[in-house]
Amino acid sequence: MFILSQIKMKIFSESHKTVFVVDHCPYMAESCRQHVEFDMLVKNRTQGIIPLAPISKSLWTCSVESSMEYCRIMYDIFPFKKLVNFIVSDSGAHVLNSWTQEDQNLQELMAALATVGPPNPRADPECCSILHGLVAAVETLCKITEYQHEARTLLMENAERVGNRGRIICITNAKSDSHVRMLEDCVQETIHEHNKLAANSDHLMQIQKCELVLIHTYPVGEDSLVSDRPKKELSPVLTSEVHSVRAGRHLATKLNVLVQQHFDLASTTITNIPMKEEQHANTSANYDVELLHHKDAHVDFLRSGDSHSGSSSREGPFKETVTLKWCTPRTNSIELHYCTGAYRISPVDVNSRPSSCLTNFLLNGRSVLLEQPRKSGSKVISHMLSSHGGEIFLHDFGEFMRENRLTPFLDPRYKIDASLEIPLERAKDQLEKHTRYWPMIISQTTIFNMQAVVPLASVIVKESLTEEDVLNCQKTIYNLVDMERKNDPLPISTVGTRGKGPKRDEQYRIMWNELETLVRAHVSNSEKHQRVLECLMACRSKPPEEEERKKRGRKREDREDKSEQAVKEHGPEKTRPDSERLKGILERGKEELAEAEVIKDSPDSPEPPNKKPLVEMDETPHMEKSKGPVSLLSLWSNRINTANSRKHQEFAGRLNSVNNRAELYQHLKEENGFDGDNRKWKSQPSVKSDLRN
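For the structure given in this document, a descriptive report is provided here.

So, how was this worked out
- Residues numbered from 1 in each chain as written.
- Predicted model: local features only at pLDDT ≥ 70, side-chain atom pairs only at ≥ 80, totals over all residues.
- Heavy atoms only, no water.
- Helix = DSSP H or I, 4+ residues; strand = E, 2+ residues; numbered from the N terminus.
- Buried < 20%, exposed > 50% of the residue type's maximum accessible area, 1.4 Å probe, protein only.
- Contact = heavy atoms within 4.5 Å.
- Areas by Shrake-Rupley, 256 points an atom, 1.4 Å probe, with all protein chains shown as cover.
- Pairing = 2+ DSSP bridges.
- Axes fitted to C-alpha atoms, helices over the stretch in contact; angles between N-to-C directions.
- Phe/Tyr/Trp six-rings, centres within 6.5 Å; stacked < 30°, edge-to-face > 60°.
- Salt bridge = Lys/Arg side-chain N within 4 Å of Asp/Glu carboxyl O.
- Patch = residues over 30% accessible without salt bridge, like charges linked within 9 Å, V, L, I, M, F, W, Y side chains within 5 Å.
- Core = buried A, V, L, I, M, F, W, Y, C linked by side-chain atoms within 4.5 Å.

Let us now look at the overall build of the chain. Summing up its helical and strand segments, the chain has 21 helices and 19 strands in all. Within the chain, the proportion of its 693 residues that are buried is 38%. The contacts of the chain with a sequence gap of at least 6 include a subset with a gap of at least 24, amounting to 73%. Accessible surface computed for the chain: about 42200 Å², of which carbon and sulfur atoms make up 52%.

So, on to the sheet that holds strand S7 (residues 209–218). The strand order across the open sheet built from 7 strands is S5-S4-S1-S6-S7-S9-S8, with neighbouring strands paired in mixed fashion. One side of each edge strand has no neighbouring strand; the edge strands of this open sheet are strand S5 (93–95) and strand S8 (229–233). Within this sheet the neighbouring strands show an average axis-to-axis angle of 20 degrees, counted without direction. Strand direction decides the pairing type here: S7 and strand S9 (residues 238–246), joined by 9 bridges, are parallel. For His216, the partnering residue across the bridge sits in S9 and is Ser244. Sitting on the sheet, helix H2 (residues 59–77) is in contact with strand S1 (17–23), strand S4 (83–89), strand S6 (165–172) and S7, with an inclination near 165 degrees to S1. Across the face of the sheet, helix H6 (residues 177–199) comes into contact with S7, S8 and S9 while running at roughly 150 degrees to S9.

To continue, consider the packing of aromatic side chains. For the structure on display, the rule yields 5 aromatic pairs. Ring centres of Phe20 and Phe86 lie 5.7 Å apart, and the angle between their planes is 20 degrees; this geometry places the pair in the stacked category. Of this pair, Phe20 sits in strand S1 while Phe86 sits in strand S4, and the two are 66 residues apart along the sequence. Here Phe20 and Phe86 have matching classes, each one buried.

It is worth spelling out the environment of Glu126 at this point. Tracing the backbone through its elements, the reader meets Glu126 in the loop between helix H3 (106–116) and helix H4 (131–142). A relative accessible area of 71% places Glu126 in the exposed class. Taking the C-alpha atoms as reference points, Glu126 and Cys25, 101 residues apart in sequence, are found 9.4 Å from one another.

Further remarks concern the pairing of strand S14 (residues 322–326). Burial of S14 is extensive: 4 of the 5 residues sit out of reach of the surface. Here strand S10 (residues 265–276) runs beside S14; their pairing, made up of 4 bridges, is parallel. In the strand pairing of S14, Thr268 is matched with Val322. Here S14 runs beside strand S16 (residues 368–371); their pairing, made up of 2 bridges, is antiparallel. From the neighbouring strand, Lys325 faces S16, where its bridge partner is Glu371.

What you tend to see is this: most non-glycine residues have negative phi, and most peptide bonds are trans. Positive phi values are uncommon outside glycine, yet Asp264 reaches one of about 55 degrees. Tracing the sequence through the fold places Asp264 in the loop between helix H7 (249–262) and S10. Asp264 sits in the partly exposed class, given a relative accessible area of 36%. Located in the positive-phi region is Asn487, a residue other than glycine, with phi close to 65 degrees. As for its position among the elements, Asn487 is in the loop between helix H13 (467–485) and helix H14 (504–520). Accessibility expressed as a relative area gives 41% for Asn487, which makes it partly exposed.

On inspection of all chains with the given rule, the structure shows 17 salt bridges. One salt bridge in this structure joins Arg33 and Glu30, with 3.2 Å as the shortest N-O distance. Overall, Glu30 belongs to the partly exposed group, its relative accessible area being 32%. Among the ionic pairs, Asp469 bridges to Lys462, the shortest N-O distance being 3.5 Å. When its relative accessible area of 36% is taken as the criterion, Lys462 is described as partly exposed. Within this structure, Glu30, Arg33 and Glu222 form a network of salt bridges that share partners.

Let's shift gears to a nonpolar patch on the surface. A contiguous nonpolar surface patch, about 320 Å² in accessible area, is contributed by Leu406, Ile422 and Leu424. Summarising the element assignment, Leu406 is placed in the loop between helix H10 (397–403) and helix H11 (423–434). Overall, the relative accessible area of 65% leaves Leu406 in the exposed class.

Attention now moves to the nonpolar core. Looking at soluble globular proteins, one finds that nonpolar side chains tend to be buried together. Counting residues in each nonpolar core, the largest one holds 35 residues, and the members touching the most others are Phe20, Tyr70, Phe86 and Ile215. Among the secondary structure elements, those contributing two or more residues to this core are S1, H2, S4, H3, S6, S7 and H7. Take this core: its biggest share by element is 11 residues, from H2. If we skip the residues at most four places from it in the chain, Phe20 touches Ser67, Tyr70, Cys71, Val84, Asn85, Phe86, Ile87, Ile169, Ile171 and Leu255. Among the nonpolar cores identified, the runner-up in size contains 32 residues, and Val19, Leu83, Ala137 and Ala151 belong to it.

Moving on, we come to the side chain of Glu371. On the secondary structure map, Glu371 appears in strand S16. Discounting residues that sit within four places of it in the chain, Glu371 has contacts with Leu324, Lys325, Trp326, Cys327, Lys379, Val380, Ile381 and Ser382.

See below:
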């Protein structure tokens, strides 16, 4: 029990719970004064046109972007058991999410922040305070997470051994060092009060340890009124540290360094990555990409004494990075080398082109070996980059943005009811139509991976369709029906699955369901959209003969899978005798014949290929029965030979043979009156003359 409690205490460290408290008071609407060039068309600008003035972000925007980047890295490397709670503080505390795993993703946080909006610079600053958020943060830390509840349930009477630690990261614009000390005292008193409440509650937990990280951010060019201070213990429960950081990229760099310190991360820079230049397709250049991961990935590497960590990372002198060199990639991502560990990675600059190219390359199933830079000697490979069940963005966001970009609207346009059409509302309406059904990742869609569906998917989002559009959509549906009849494979994603994946009829069921979802999302646009849906539903309703054929196919595939599984599990010594195997082959042959008859009776089905007529058991070529166990090679060879024999028109002589012996020139004997019973000619004609005639 002591070992178990130690494990739980280690799991629920300060990194288990992180509470972000971001100031939303009016002064956070002030500009960070770090300018961003908005007008980038400097070389091609027409003379006489005044360039657009540069823009700058507010302190609030810089704080939100930096904290979201902190969360992105944490979620990438620790998708479970590392939780974030986000609180916005102004005239009150606004808790944006909970500790449940469903709320732990960037999409939930960004959607919640979008509802909050930017600070109001005209609001009364006396009514706003960061203290509301700090008090709410302490209350949130006392709440039990799902993982803590599970651990307490397992320990039962020793549930008090489950630790409750956490971290509060507060981003604000403090007035002075005394203001900072007042915030620390507030947090300390609040922890003391809430620990008393939690001691008498079954739904709350006392805070055993809390780290308070106060970040004072201020505009670029101003002097800081708050001094930096390293971590200091204010009480047995509370420690505090203060960081005074300029807004803009300096704040983003600070949060990047802190996330590495808080979660024991390390940096690796992959050098000499060859990438083709966009301007010159025939040339390539070498790029570097910095990755973050758990520091345990460098344990054996540093222990050997061959570390190359002398260079600074892209974040400046705050931390170091280990440099590894790109090797020739391998096509096989399975068991390239035996590894001592596997660690999730997260690119530092996720939006850069080199990082995007590298992640796409890996998610396509390729693997890359990494070697230590050496001036001489043989190559030393220490690490490997590979993807395991990863997901990749499906859509080309550049193309999507081009289709929905805002352009100058010079001439006024009017709606059907003669009212003036507002360009912004029209753009929003078009964007809404394009995203009614728009899967984000490749494993969630089938039709958007099929080139055959492009003609329909590209026009169904229109507000109105022409007769030609309807015809093209119907042709697309008919082509899909033909693909299903031919049993063509579909690009079904098998990410995270094992085995062969879904069977062919299940693949087409998934495809038809998704296509119906897409069409139904736009069926209310016009009457012609309804015609496309009616065509789709008519093609989906298969005749009973088709359903019966598919049912036989599923049964046959299930039997084959079970047969293969039996061979794998029991080996050749436990396989069936030849008689049972032949009986199974004949049964499958009869089903195939019945299936061919059903297909032939269907008016829309093509003629099936010619097959050898089935013969009875006594007409099959004699096979020598084995007195002992049959080898797997014999079973497989016999099965292949039998299957191949049914794929061609059988020789007429073999069909009419007796004991596998066929008599030649029977028509000559019948024409010349040969008496088969008496074995003599009734007359004596000249055979040669008959042949000549």
